[in-house]
Amino acid sequence: MSGGTTLENANPVVFQRSGDRLLTSNEEDEDVHDPIDEREIFDILSISDPEHPLSLEELNVVEQVRVKVSDAESIVGIEFTPTIPHCSMATLIGLSIKVKLLRSLPDRFKIDVHITPGTHASEEAVNKQLADKERVAAALENSSLLEVVNQCLTPTRSI
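A few points on the structure. (Residues numbered from 1 in each chain as written. Predicted model: local features only at pLDDT ≥ 70, side-chain atom pairs only at ≥ 80, totals over all residues. Heavy atoms only, no water.)

Topic: empty space enclosed by the protein
Inspection of the entire model under this criterion finds one cavity of 30 Å³ or more. Around the largest cavity, the lining is made up of 10 residues, and of these Asp49, Glu51, His52, Thr83 and Cys87 lie nearest the centre. Tallied by class, residues from the lining of the largest cavity come to five nonpolar, three polar and two charged. (1 Å grid on protein atoms, 1.4 Å probe; cavity = no way out; pocket = protein on both sides within 12 Å on 5 of 7 lines; lining within 4 Å. Points joined across faces, edges and corners; volume = space filled by probe spheres on them. Nonpolar A, V, L, I, M, F, W, Y, C, P; charged D, E, K, R; others polar.)

Below, the structure written as structure tokens:
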């Protein structure tokens, strides 16, 4: 957030983080096939909110129950819920989620990121932008926008 700008949601509700996942010996064994699951994807989504020094998880923007994975079909679907219905950061948040997954997952995965139905005033327009590969690629060629996305992908500090 730049200096002098007022926050859209100055007092967001903050939720507790889910905690670290316990790894099994099979998950740590490189010789055992371990399909990617919902919790693994959720763990990847440690993304900072663009307006607050909090993670998207702490703001309940991303939740594990809204992560869908089919390792066999190479599909990952994420629904995210902006904190307010008119959040101007929704496209940036969705783009940050998509970029984090694109950078973290094997190329074989199709990634679908969209707003939880009924939670945002411009849901259809934002979803259309996030689903359009050319728009996403063009956005990532914008150095200023890429810098903001990279800031969101920097691990959050604990408060």
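Let us keep going from here.
Things to note about the pattern of salt bridges
It is possible for side chains of opposite charge to pair when their charged atoms get near one another. Taken as a whole, this structure holds five salt bridges when the rule is applied. The partner of arginine 66 in a salt bridge is glutamate 63, and the shortest N-O contact between them spans 3.4 Å. Under the relative-accessibility criterion, glutamate 63 is labelled partly exposed at 23%. Residue aspartate 132 pairs with arginine 135 through a salt bridge whose shortest N-O separation is 3.7 Å. Residue classification places aspartate 132 among the partly exposed residues on the basis of a relative accessible area of 28%. Classification of arginine 135 by relative accessible area gives partly exposed; the value is 40%. Through salt bridges with shared partners, a single ionic network connects Glu63, Arg66 and Glu79. (Salt bridge = Lys/Arg side-chain N within 4 Å of Asp/Glu carboxyl O. Buried < 20%, exposed > 50% of the residue type's maximum accessible area, 1.4 Å probe, protein only.)

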